[in-house]
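Here is what each chain is made of, one letter per residue.
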Amino acid sequence: MGIGNGLTDPQEQCKWYQEYMCTGAGHATPPINSSVECTALKAATAACDATLAACDSGVPAVSQAGCGAAMETCALGFQLPYMATGLNPYDVRIKCDKLPLCYDMSNDVTYLNDKDVQKQLGVDKNFESYNLIVNKAFSLDFMKNSHMLIPLMLAAGIDVLVYSGDQDFICNWLGNEKWVQALEWDHKQEFNAAVKTPYKVFGKEVGELQSFANLRFLRVAQAGHMVPLDQPEAALGMVNDLLAGAFLKSNLEVVV
């Protein structure tokens, strides 16, 4: 199983927005360079965390209200200051050129609405790259934690790869690394003690890997939210490694 730049444990991940935004977490240019804004982001972290705790309370009425509040509070606290910079939330290196997704998706839409393509896929529907009605229908689920499902998968022997491009803001690598390290599973201590090692494809270093047993976290260098778009060779290498079970071996030199 692979999770790429995911929002898996919002309560843990949202704690690290401020650091990523104000420092770049060691691998990106900080999108926010105002000390006043960075102080405000610290206050936003506490407010966001309180609503996320309510969202995952397990009490239906409290949870529903908390999840709605989390969407608003966390978005206001982190996403609005970021969007004010004009940068692409999926790649801190570039501007947001085309709303709502910041990328020109016209070729994708044309391709997926081609009758021959749809016939091959077995579908007969109009494809849209972004549908606000569908998006809003899932809005109360966005901020719910789902990381607690993963320890059962690990215990069952499923090989799990969590990867993140280090130029992504919206589901940044720092928050993803932190929730993986905080995950309660049989080998938490061993995983956190494991030395991070360079990950190579075709002899070229493309990221950094932390791994133990059947769980691993890979920070992909110079990639945004869409790792296969920004670093296609690295993406193909890690997928082939995952499918071949190569992450379980000591030799991480990839041949694709």
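None of these values were measured; they are calculated from a predicted model.

### Points about the overall build of the chain
Next up, step 1: For the chain, the helix and strand inventory stands at 12 helices and eight strands.
Next up, step 2: The C-alpha atoms of the chain give a radius of gyration of 19 Å, which matches the 18 Å a tight globule of 256 residues would have.
Next up, step 3: Per-residue burial for the chain yields a buried fraction of 41% across its 256 residues.
Next up, step 4: Across the chain, every contact between residues at least 6 apart in sequence was considered, and the portion connecting residues at least 24 apart equals 63%.
Next up, step 5: A total of about 13400 Å² of accessible surface is found on the chain, and carbon and sulfur atoms cover 58% of it.
Next up, step 6: Of the side-chain charges in the chain, 18 are positive and 29 negative, and the distance between the mean point of each set is 1 Å.

### Points about the state of the cysteines
Next up, step 1: Across all of its chains, the model carries four disulfides by this definition.
Next up, step 2: The disulfide partner of Cys55 is Cys67, and the S-S distance across this bridge is 2.0 Å. Disulfide Cys55 to Cys67: torsion about the S-S bond roughly 80 degrees, handedness right-handed. With Cys55 in helix 3 (residues 35–55) and Cys67 in helix 4 (residues 60–83), this pair connects stretches of sequence that are 12 residues apart. Taken as a pair, Cys55 and Cys67 share a single burial class, namely buried.
Next up, step 3: The side chain of Cys96 participates in a disulfide bridge whose partner is Cys102; the two sulfur atoms lie 2.0 Å from each other. Disulfide Cys96-Cys102: torsion about the S-S bond near -90 degrees, hence left-handed.
Next up, step 4: Judged by relative accessible area, Cys102 falls into the buried class, the value being 5%.
Next up, step 5: With cysteine numbering restricted to those in disulfides and following the sequence, the chain has the pairing 1-2, 3-6, 4-5, 7-8.
Next up, step 6: Unpaired in this structure, Cys14 has its nearest cysteine sulfur neighbour in Cys48, at a distance of 3.8 Å.

### Topic: the packing of aromatic side chains
Next up, step 1: According to the stated counting rule, one finds six aromatic pairs in the structure shown.
Next up, step 2: Aromatic side chains Tyr17 and Phe169 sit 5.3 Å apart centroid to centroid with 50 degrees between the ring planes, which places their arrangement in the tilted category. With Tyr17 in helix 2 (residues 17–23) and Phe169 in the loop between strand 4 (160–165) and helix 9 (173–182), this pair connects stretches of sequence that are 152 residues apart. Like Phe169, Tyr17 is buried.
Next up, step 3: Relative to Tyr103, the ring of Tyr90 lies with its centre 6.4 Å away and its plane at 35 degrees, an arrangement referred to as tilted. On the criterion of sequence distance, the pair formed by Tyr90 in the loop between strand 2 (87–88) and strand 3 (91–95) and Tyr103 in the loop between strand 3 and helix 5 (106–112) is long-range, its members being 13 residues apart.

Criteria and thresholds
- Residues numbered from 1 in each chain as written.
- Predicted model: local features only at pLDDT ≥ 70, side-chain atom pairs only at ≥ 80, totals over all residues.
- Heavy atoms only, no water.
- Helix = DSSP H or I, 4+ residues; strand = E, 2+ residues; numbered from the N terminus.
- Rg over C-alpha atoms; globule rule 2.2 N^0.38 Å.
- Buried < 20%, exposed > 50% of the residue type's maximum accessible area, 1.4 Å probe, protein only.
- Contact = heavy atoms within 4.5 Å.
- Areas by Shrake-Rupley, 256 points an atom, 1.4 Å probe, with all protein chains shown as cover.
- Lys, Arg positive; Asp, Glu negative; His and termini not counted.
- Charge placed at Lys NZ, Arg CZ, Asp CG, Glu CD.
- Disulfide = S-S within 2.5 Å.
- Phe/Tyr/Trp six-rings, centres within 6.5 Å; stacked < 30°, edge-to-face > 60°.

Interpretation note: all reported values are geometric properties and have no functional meaning in isolation.
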